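This is what each chain is made of:
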Amino acid sequence: KRKIPKPNGKVGRPGQGGYNLEDQLGWGRDGFKNLKRFMKKAVRKHLDPTKCRSLQNRRALETMNKTVSNGRGTEFPDLDDFEGCWPVQDLVLLQLK
């Protein structure tokens, strides 16, 4: 099955050539809110909120990806449909700004 590629531009910047993550996921407002809430907790548990994404421990980022989207009974198995799990990376980026 072909995975959904990441859109062009930066997340959270739809008026400046970027895109709206909620729209791109297509899960509706409640689905997006649930993912966002889950990600906020995961970021606090696995990452250092005082550092930007590029300075985070690589293993911690990988662990978070697996926790959220391993496609086998996780809370969000549909994330496995996205190339490189880019929605998770986008939410991490938005949480750490």
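Before reading on, note that the structure itself is shown above.
A quick note: this is a predicted structure, and the numbers were derived from the prediction, not measured. (Residues numbered from 1 in each chain as written. Predicted model: local features only at pLDDT ≥ 70, side-chain atom pairs only at ≥ 80, totals over all residues. Heavy atoms only, no water.)

A. How the structure looks around the nonpolar core. Of all hydrophobic cores here, the largest spans 23 residues; its most connected members are Leu21, Leu35, Met39, Leu47, Leu79 and Val92. Listed by contribution, the elements that provide at least two residues to this core are helix 1 (21-25), helix 2 (28-46), helix 3 (58-69) and helix 4 (86-96). Among residues more than four places away in sequence, those in contact with Val92 are Met39, Val43, Leu47, Arg53, Leu61 and Met64. (Core = buried A, V, L, I, M, F, W, Y, C linked by side-chain atoms within 4.5 Å. Buried < 20%, exposed > 50% of the residue type's maximum accessible area, 1.4 Å probe, protein only. Helix = DSSP H or I, 4+ residues; strand = E, 2+ residues; numbered from the N terminus. Contact = heavy atoms within 4.5 Å.)

B. The arrangement of the packing of aromatic side chains in detail. With the rule as written, the count across this model stands at four aromatic pairs. Between Phe38 and Phe76, the ring centres sit 5.3 Å apart and the planes meet at 70°, which makes this aromatic pair edge-to-face. Taken together, the residues span a long stretch of sequence, with Phe38 in helix 2 and Phe76 in the loop between helix 3 and helix 4 at a distance of 38 residues. Among the residues examined, Phe76 registers a relative accessible area of 7% and is labelled buried. Measuring from ring centre to ring centre gives 5.3 Å for Phe82 and Trp86, while their planes differ by 90°; the resulting arrangement is edge-to-face. Comparing Phe82 with Trp86 shows no difference in burial state: the two are buried. (Phe/Tyr/Trp six-rings, centres within 6.5 Å; stacked < 30°, edge-to-face > 60°.)

In short, shape yes, function no, at least from these values alone.
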